[in-house]
Amino acid sequence: MRDWADRHAGELFLVGHVFLEHVDMMVAEGASDMADACSLTERERECLTWVACGKTDSEIGIIIDRSPETARFHVRNAIAKLDASSRSHAVAKAMRKGWLGQIE
């Protein structure tokens, strides 16, 4: 079983993300009449934008002129507010909502 999982790790990862997207769409459809109660601060959006560019917390800390712990704090807050399971999931959800703008 382990060999099979190792051979198909990439596909399993992709299936997991597709599954999360479908769950998010189902939840959004059920809550479409409700106001979007999850908004990110400007700093949280900025940090998620840098996460989307592949930056680490240490690199983000340098960019925003704060400590890596502060950068991590903002990213974790965004993950929690978006009810995401990971940094990449938070980026995907924020982008889907149009909160991150164009990523270079």
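Being a predicted model, the structure only gives us computed values, none of them experimental. (Residues numbered from 1 in each chain as written. Predicted model: local features only at pLDDT ≥ 70, side-chain atom pairs only at ≥ 80, totals over all residues. Heavy atoms only, no water.)

Asker: Could you give an account of the overall build of the protein, with specific residues and numbers?
Answerer: In terms of regular secondary structure, the protein is built from six helices and zero strands. Order of helices (α) and strands (β) in the protein, N terminus to C terminus: α-α-α-α-α-α. With 104 residues in all, the protein has 23% of them scored as buried. Put simply, 56% of the contacts in the protein that link residues at least 6 apart link residues at least 24 apart. Taken as a whole, the protein presents about 7200 Å² of accessible surface, with 58% of it coming from carbon and sulfur. (Helix = DSSP H or I, 4+ residues; strand = E, 2+ residues; numbered from the N terminus. Buried < 20%, exposed > 50% of the residue type's maximum accessible area, 1.4 Å probe, protein only. Contact = heavy atoms within 4.5 Å. Areas by Shrake-Rupley, 256 points an atom, 1.4 Å probe, with all protein chains shown as cover.)

Asker: Quick rundown of the nonpolar core? Include the residues and the values.
Answerer: Core analysis: the biggest nonpolar cluster contains 16 residues, and Leu40, Leu48, Ile60, Leu82, Ala90 and Ala94 have the highest contact counts within it. A per-element tally of this core places helix α5 (residues 68-81) first, with four residues. (Core = buried A, V, L, I, M, F, W, Y, C linked by side-chain atoms within 4.5 Å.)

Asker: Talk me through the side chain of Asp57; I want residue IDs and the actual numbers.
Answerer: Relative to the elements of secondary structure, Asp57 occurs in helix α4 (residues 57-63). The class for Asp57 is buried, based on a relative accessible area of 11%. Among the polar contacts made by the side chain of Asp57, one reaches the side chain of Arg87 at a distance of 2.8 Å. When residues no more than four places from it in sequence are discounted, the contact partners of Asp57 are Pro68, Ala71, Arg72, Val75 and Arg87. (Polar contact = N/O pair within 3.5 Å; in protein donor to acceptor, adjacent residues only side chain to side chain.)

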